[in-house]
Amino acid sequence: MAGSPSPLTTHVLNTAMGVPGSNMTIRLYQQDLSTNVWTLITTGTTNDDGRCPGLITKQQFKPAVYKMHFETAQYWERMGETSFYPYVEIVFTITNPDQKYHIPLLVSRFSYSTYRGS
Amino acid sequence: MMTAESSPLSTHVYNTCDGVPGAKMDLSLHRLDSKLMIWTMISIGTTNEKGCCHGLISQEAFTPGMYKLRFETGSYWESLGQTSFYPYVEVVFTVRELSQRFHLPLLMSRFSYSTYRS
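Here is what the cut-offs are and how they apply
- Residues numbered from 1 in each chain as written.
- Chains lettered and ligands numbered in written order.
- Predicted model: local features only at pLDDT ≥ 70, side-chain atom pairs only at ≥ 80, totals over all residues.
- Heavy atoms only, no water.
- UniProt positions renumbered as here; feature names shortened; annotations may be inferred.
- Helix = DSSP H or I, 4+ residues; strand = E, 2+ residues; numbered from the N terminus.
- Contact = heavy atoms within 4.5 Å.
- Polar contact = N/O pair within 3.5 Å; in protein donor to acceptor, adjacent residues only side chain to side chain.
- Pairing = 2+ DSSP bridges.
- Axes fitted to C-alpha atoms, helices over the stretch in contact; angles between N-to-C directions.
- Salt bridge = Lys/Arg side-chain N within 4 Å of Asp/Glu carboxyl O.
- Buried < 20%, exposed > 50% of the residue type's maximum accessible area, 1.4 Å probe, protein only.
- Core = buried A, V, L, I, M, F, W, Y, C linked by side-chain atoms within 4.5 Å.
- Buried area = accessible area lost by both parts, 1.4 Å probe.
- Nonpolar A, V, L, I, M, F, W, Y, C, P; charged D, E, K, R; others polar.

### Brief notes about the UniProt feature "binding site: substrate" (unreviewed entry) in chain A
Residues and elements named next belong to chain A.
1) Next: The feature "binding site: substrate" (unreviewed entry), as annotated in UniProt, sits at His 11, Arg 51 and Tyr 115 in this numbering.
2) Next: Inspection of the secondary structure assignment puts Arg 51 in the loop between strand S4 (38-45) and strand S5 (64-70).
3) Next: For Arg 51, the residues in contact, after removing those within four places along its chain, are Thr 10, His 11, Thr 45, Thr 46 and His 102.
4) Next: Here His 11 takes part through its side chain, which lies 3.5 Å from a polar atom of the side chain of Arg 51.
5) Next: With respect to the secondary-structure elements, Tyr 115 resides in strand S8 (residues 111-115).

### Things to note about the sheet that holds strand S4 (residues 38-46) of chain B
Residue and element names in this part refer to chain B.
1) Next: Strand order in the open sheet formed by four strands is S4-S3-S6-S7, and the pairing between neighbours is antiparallel. Two strands close off the open sheet at either side, each with one partner strand: S4 and strand S7 (89-95). Here the strands of the sheet are splayed against their neighbours by 20° on average, with no regard to which way each runs.
2) Next: Where strand S3 (residues 26-33) and S4 come together, eight bridges link them in antiparallel fashion. Directly across from Leu 29, in S4, lies its bridge partner Ser 43.

### Thoughts on the sheet that holds strand S6 (residues 88-94) of chain A
Residues and elements named next belong to chain A.
1) Next: Spatially, S4-S3-S5-S6 is the arrangement adopted by the four strands of the open sheet, whose pairing is antiparallel. Looking at the sheet topology across the chains shown, the edges are occupied by S4 and S6. Across this sheet, the average inter-strand angle for adjacent strands is 20°, counted without regard to direction.
2) Next: Sheet topology note: the strand S3 (residues 25-31)/S5 ladder contains six bridges and is antiparallel. Counted as the bridge partner of Leu 28 is Met 68 from S5.

### Section: the pattern of salt bridges
Residue and element names in this part refer to chain A.
1) Next: Scanning the entire structure with this criterion turns up seven salt bridges over all chains.
2) Next: Lys 67 is the partner of Glu 89 in a salt bridge, and the nearest nitrogen-oxygen pair spans 3.8 Å. Linking Glu 89 in strand S6 with Lys 67 in strand S5, this pair joins segments that are 22 residues apart in sequence. Each of the two residues, Glu 89 as well as Lys 67, counts as buried.

### Digging into the nonpolar core
1) Next: In terms of nonpolar packing, the biggest core is built from 51 residues, with Leu 8, Met 68, Phe 70, Ile 90 and Phe 92 of chain A together with Phe 71 and Phe 93 of chain B touching the most fellow members.
2) Next: Excluding its chain neighbours within four sequence positions, the residues that come into contact with Leu 8 of chain A are Leu 28, Leu 55, Ile 56, Phe 61, Met 68, Phe 92, Tyr 101 and Ile 103 of chain A.

### Comments concerning unusual backbone geometry
Residues and elements named next belong to chain A.
1) Next: Despite not being glycine, Asn 23 shows a phi value in the positive range, around 60°.
2) Next: Looking at the element boundaries, Asn 23 is found in the loop between strand S2 (19-20) and S3.
3) Next: By relative accessible area, Asn 23 is classed as partly exposed at 44%.
4) Next: Its identity as a non-glycine residue notwithstanding, Asn 36 has a phi of 65°, on the positive side.
5) Next: Inspection of the secondary structure puts Asn 36 in the loop between S3 and S4.

### Let's talk about the interface of chain B and chain A
1) Next: Contact with chain B, which involves 21 residues of that partner, is made by 23 residues of chain A.
2) Next: Carbon and sulfur atoms supply 60% of the area buried between chain B and chain A, which totals about 1900 Å² over both sides.
3) Next: Three residues stand out in chain B for area buried against chain A, namely Phe 85, Val 92 and Tyr 113 of chain B, and they jointly supply 32% of the buried area on that side.
4) Next: Between chain B and chain A we count six residue pairs in polar contact (both at pLDDT 80 or more) in total.
5) Next: Of all the secondary structure elements, the ones that give two or more residues to the side of chain B that touches chain A are S7, strand S8 (102-108) and strand S9 (112-116) of chain B.
6) Next: In terms of residue class, the side of chain B that touches chain A is made up of 14 nonpolar, four polar and three charged.

### Side note on the pairing of S8 of chain B
All names here are of chain B.
1) Next: Taken across its seven residues, S8 has five buried, putting it largely inside the fold.
2) Next: Examined bridge by bridge, strand S1 (residues 9-15) and S8 share seven bridges and lie parallel to one another. Bridge pairing in S8 places Leu 9 opposite Phe 102.
3) Next: The sheet contact formed by S8 and S9 spans three bridges and is antiparallel. When the sheet's bridge partners are listed, Met 108 is paired in S9 with Tyr 113.

Put into structure tokens, the structure is as follows:
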């Protein structure tokens, strides 16, 4: 989408093979503060670099709890492997949407890690 | 009483921010009912002074399926007078072979976490 880049980004890295985690399906959800219901904001697929631009617009990005869902088992299955984790969900709180947030996922079949970057 | 040695599933929380065990963190174990596709809570626990929590499920109850360990990280940091980027952490995993033991540690700070299967 044209216009300013997403204030929220991600990057998937396959730490088992030392390559970007490309072609992984990701879904971003936003939680309604009063009802606690999750609303799907975007569905995307990581590119060759393991990134997924355009997750959310500045207008949509308000203070809330968000959830990023990574289809990890599906990713490993496509390479003929199983995964201990059927999927990974990272739930995080945004209090200041004026900042940039980078939520990477470093993943192998039996481990994963994430951190808040910018 | 289930001993550490008899429990097929265990966890260990480590506070990598302060370099100490993640003691007194509330957590819960859930199993996915694959027919109804809903999560059922199996047990709740709290990490001890060493950050460990054993006895979450018995060998007999630990059948193949999808499980979720939920760590109340937000409450943990709140009790230390701090905020956390993650209101909670949920680690979803698949159990296929029951002959093995599963140890799922959580190494976490206010802005990052990692987990692995050992």
